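The chain contents come next:
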Amino acid sequence: MNVDNESGNSIKASPTKEFFISMLTRDISTDRAILDLIDNSIDAATQSGKVNATINLTINSNTFSISDDAGGLDLEIAKEYAFRFGRSSKNPLTPNSVGQFGVGMKRTLFKIGQEFIVESMKGGIAYQVHVDVDQWLADENNWDFQYSLLKTPTVKEGETRITITRIRDESKDLLGDSTFINTLSQEVSAAYFKKLHGGLKIVINGAQIKSDELTIKISEQLSCIKKQLDLDGVKVTIYCGVSDREWNDGGWYVVCNDRLVAQADQSTTTGWGVSTIPKYHADFAYFRGLVEFSSEDSSKLPWTTTKTGVDEDQKIYKAALYHMSVAMKPVLTFLRELAQETTAFNEGTLKEMPLAASLTSAKSVRILESATMDVFMRPEKLIPADEAKVAHIQYRVPLERYELARAALSANTMKEVGEQTFDYFYTYECKDE
């Protein structure tokens, strides 16, 4: 076999810029892309140790900008790493970061605009990166961006500002829609609830974002499970208990490095309907669970690249899921017995409701402030007055025989068939004994 390996016989296999941008932006929604930019600002604040940083966003059909005073983006980091497509193994580690994957800023800028300016000042050096996307696409072989030093800075020391000066046509209507802004504000409120309560300030179109509390019921009779584990260098904290009955708020909340990635999850992803854990239903709307994953190495955390869910196949998450299921069981038992107690009380076989009373008298506190406790403390249930005198009988018969018996008895349900056949047997075989 003759093979010619001359260097001039190469076949190009490198991606085009258009294809790369299309693949980079196609699988993320605009609101989630904007959250990626907020993640970058939070990472800068984490790196500089500034807990009370301010992130300010201006969003409308003609303008998109985000600015922060989180510490600034060092020029050398910008030149070597920040604008690369993807995270290099040589990137300096930002401990406990949320911008892990190295695509957030670029993905958002290309998703929303055709021209953008990034300005920052750190260590007394102010610079600007100005990119016209159409011009950048025209030079297929050059993937680099250009920067220029600013003699008269428009940003102060420690500040960064990103401005998209030409909004894409497909983004204009969305960014100018008040419903989109409201939804984005709600997502920001949920995603950064820990940071917002810790001093971070996020402002969207002049309105400061507030965060709802994730609460748990605590009293002398009722507690919250709180367990702390170390799984391969990842600190895992599991909280599990009960709160106010709200169908949409019940379930598990998953946090990675202070970033909420799953909210009120009621699926098999967090253990519902798996093995001995029942599926989520109305009786469990009181349930609240929070699992936090924290690591200096964010690549160990069980989140997806868009940070919109949990990577179920990640080994640390699989290990944590076992402990989550163990914590769930006593809480779900309590809630099942609470439902049974309510039924018995309504039927008149119980005169007191100690489980319901423990919920009513309990105080709602921030789940993050609950004390460490390995067990779920709760009141004992009461047994209905006639429960000890009642036997529950269950058996199976061929369907055709059941139908014949049901018709002969003029019964409507299996329960009626069972009760009438037992009464018949008892009357003729046991009554005279």
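Structure: see above.
Residues numbered from 1 in each chain as written. Predicted model: local features only at pLDDT ≥ 70, side-chain atom pairs only at ≥ 80, totals over all residues. Heavy atoms only, no water.

S.K.: Where do I start with the sheet that holds strand β10 (residues 225-231) in this structure?
M.R.: Ordered in space as β10-β11-β14-β12-β13, the five strands form an open sheet in which the pairing is mixed. Two strands close off the open sheet at either side, each with one partner strand: β10 and β13 (259-265). With strand direction ignored, the average angle separating the axes of adjacent strands in the sheet is 10°. Across six bridges, strand β12 (residues 251-256) lies against strand β14 (residues 287-294) in parallel orientation. Pairing of Y253 across the sheet is with L290, part of β14. (Pairing = 2+ DSSP bridges. Helix = DSSP H or I, 4+ residues; strand = E, 2+ residues; numbered from the N terminus. Axes fitted to C-alpha atoms, helices over the stretch in contact; angles between N-to-C directions.)

S.K.: Please clarify how the packing of aromatic side chains should be interpreted in this entry.
M.R.: In total, this model carries 12 aromatic pairs according to the counting rule given. Between the aromatic rings of W136 and F145, the centroid separation amounts to 5.5 Å while the plane-to-plane angle is 55°, which identifies the pairing as tilted. Overall, F145 belongs to the buried group, its relative accessible area being 16%. With a centroid separation of 4.8 Å and 65° between ring planes, the pair formed by W247 and Y280 is classed as edge-to-face. With W247 in the loop between β11 (234-242) and β12 and Y280 in the loop between β13 and β14, this pair connects stretches of sequence that are 33 residues apart. Here a set of aromatic residues connected by ring pairs shows up, and it is made of W247, W252, W272, Y280, F284 and F287. (Phe/Tyr/Trp six-rings, centres within 6.5 Å; stacked < 30°, edge-to-face > 60°. Buried < 20%, exposed > 50% of the residue type's maximum accessible area, 1.4 Å probe, protein only.)

S.K.: What should I look at first to understand the sheet that holds strand β8 (residues 207-208) in this one?
M.R.: Backbone hydrogen bonds hold the strands of a sheet together, and the pairing may be parallel or antiparallel. Overall, mixed pairing links the eight strands, which are arranged β5-β4-β3-β6-β2-β1-β7-β8 in an open sheet. Edge positions in the sheet fall to β5 (147-149) and β8, since each of these pairs with one other strand and no more. In the packing of helix α7 (residues 178-191) onto the sheet, the strands contacted are β1 (54-59) and β7 (201-204), and the crossing angle to β7 comes to about 175°. (Contact = heavy atoms within 4.5 Å.)

S.K.: It is not clear to me how the environment of D31 should be interpreted in this structure. Could you clarify?
M.R.: Counting through the fold element by element, D31 comes out in helix α2 (residues 30-48). The sequence separation of D31 and L184 amounts to 153 residues, and the corresponding C-alpha distance is 5.9 Å. Excluding residues within four positions of it along the chain, D31 makes contact with F180, L184 and E187.

S.K.: When you look at a nonpolar patch on the surface in this model, what are you seeing that I'm missing?
M.R.: Taken together, the side chains of I393, Y395, V397, F422 and Y426 present a nonpolar region at the surface, about 540 Å² in accessible area. Mapped onto the secondary structure, Y395 falls in the loop between β15 (363-366) and α11 (399-409). The exposed category is assigned to Y395, whose relative accessible area is 51%. (Patch = residues over 30% accessible without salt bridge, like charges linked within 9 Å, V, L, I, M, F, W, Y side chains within 5 Å. Areas by Shrake-Rupley, 256 points an atom, 1.4 Å probe, with all protein chains shown as cover. Salt bridge = Lys/Arg side-chain N within 4 Å of Asp/Glu carboxyl O.)

S.K.: I tried to follow the packing of α11 against helix α12 (residues 414-429) on my own but got confused; where do I start?
M.R.: The contact between α11 and α12 brings their axes to 10 Å, and the two run at 75°. Relative to α12, the element α11 lies roughly perpendicular. Contacts from Y402, R406 and L409 in α11 reach M414, V417, Q420 and T421 in α12. (Parallel < 35°, antiparallel > 145°, perpendicular 65-115°, else oblique.)

S.K.: Looking at this structure, how should I read the pattern of salt bridges?
M.R.: Pairs can form between side chains of opposite charge whenever their charged atoms are close. In this structure the tally under the stated criterion is 20 salt bridges. Between D36 and K307 there is a salt bridge; the shortest N-O distance is 3.1 Å. In this pair, D36 is assigned in helix α2 and K307 in the loop between β14 and α9 (315-347), connecting sequence segments 271 residues apart. Here D36 falls in the buried class, since its relative accessible area comes to 1%. Between K381 and E337 there is a salt bridge whose closest N-O contact spans 4.0 Å. Of this pair, K381 sits in the loop between β15 and α11 while E337 sits in helix α9, and the two are 44 residues apart along the sequence. Looking at E337, the relative accessible area reads 15%, which means it is buried. Overlapping salt bridges bring together D36, D39, R259 and K307 as one network.

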